[in-house]
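The lines below spell out each chain.
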Amino acid sequence: MLLHIVARGRIGRGPEAELVQRYARRLSWPFKVTELPDTGGKVPALEPQTRLVLLDETGDVLPSREIAALLGRWRDDGVREARFMIGAADGFDDAARGEADLLLSFGRATWPHLLARAMLAEQLWRATSILANHPYHREG
């Protein structure tokens, strides 16, 4: 299953981009990042068997094990792509939220988009590591 981050804004070069790349290199699952301008740009078409996740301040705050379990269920159900959308500064409108399979939040604090992208890449790596029974993840 492809893990696909579609993000508004260009990350360029810098520490945030390095973090995203660090976790991308660790992922054993197919992984892709698509960058869009802050406004406009063409969002890649949603293919069949795609699950849409919006990072949104109103979303569910899920522990890493729940994110892993969700990805595992989607993978086992034959989902081809899990697409994670990071919006522009004003986030998503109600119509976009209504189309999502999941609204996901990294807490009620406001995070810079570039840092949210790095945090998402880390959580995707962590989730796939949990599914592979890697000993890295610790809870408690």
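As shown above, the structure is provided for reference.
What counts and how
Residues numbered from 1 in each chain as written. Predicted model: local features only at pLDDT ≥ 70, side-chain atom pairs only at ≥ 80, totals over all residues. Heavy atoms only, no water. Pairing = 2+ DSSP bridges. Helix = DSSP H or I, 4+ residues; strand = E, 2+ residues; numbered from the N terminus. Axes fitted to C-alpha atoms, helices over the stretch in contact; angles between N-to-C directions. Expected span 1.5 Å × (residues − 1). Buried < 20%, exposed > 50% of the residue type's maximum accessible area, 1.4 Å probe, protein only. Contact = heavy atoms within 4.5 Å. Phe/Tyr/Trp six-rings, centres within 6.5 Å; stacked < 30°, edge-to-face > 60°. Lys NZ or Arg CZ within 6 Å of the ring centre and 35° of its normal.

A. Region of interest: the sheet that holds strand 2 (residues 31–36). Taking strand neighbours across the sheet as the criterion, the five strands line up as 2-1-4-3-5 in an open arrangement whose pairing is parallel. Edge strands, defined here as strands with exactly one partner in the open sheet, are strand 2 and strand 5 (102–104). Looking at each pair of strands side by side, their axes are set apart by 30° on average, direction ignored. As paired strands, strand 3 (residues 50–60) and strand 4 (residues 81–86) are joined by six bridges and run parallel to one another.

B. Looking closely at helix 4 (residues 113–131). Between its terminal C-alpha atoms helix 4 stretches 27 Å, which fits the 27 Å expected from 19 residues at 1.5 Å a residue. In terms of burial, helix 4 is largely enclosed, as 14 of its 19 residues are buried. Among the residues trailing helix 4, Asn133 stands out with phi positive, at a value near 60°.

C. Local environment of helix 1 (residues 15–26). Its 12 residues give helix 1 an end-to-end C-alpha distance of 17 Å, which sits within 8% of 16 Å, the value for a rise of 1.5 Å per residue. Where helix 1 is buried, its residues contact strand 2 and helix 4.

D. Summary view of the packing of aromatic side chains. Tallying each qualifying case throughout the model produces one aromatic pair. Judged by centre distance (5.9 Å) and plane angle (40°), the rings of Tyr23 and Trp125 are tilted. With a gap of 102 residues between them, Tyr23 in helix 1 and Trp125 in helix 4 connect regions that are remote in the sequence. Grouping residues by exposure puts Tyr23 and Trp125 together as buried. The positively charged end of Arg26 is found above the aromatic ring belonging to Trp125, 5.1 Å away from the centroid.

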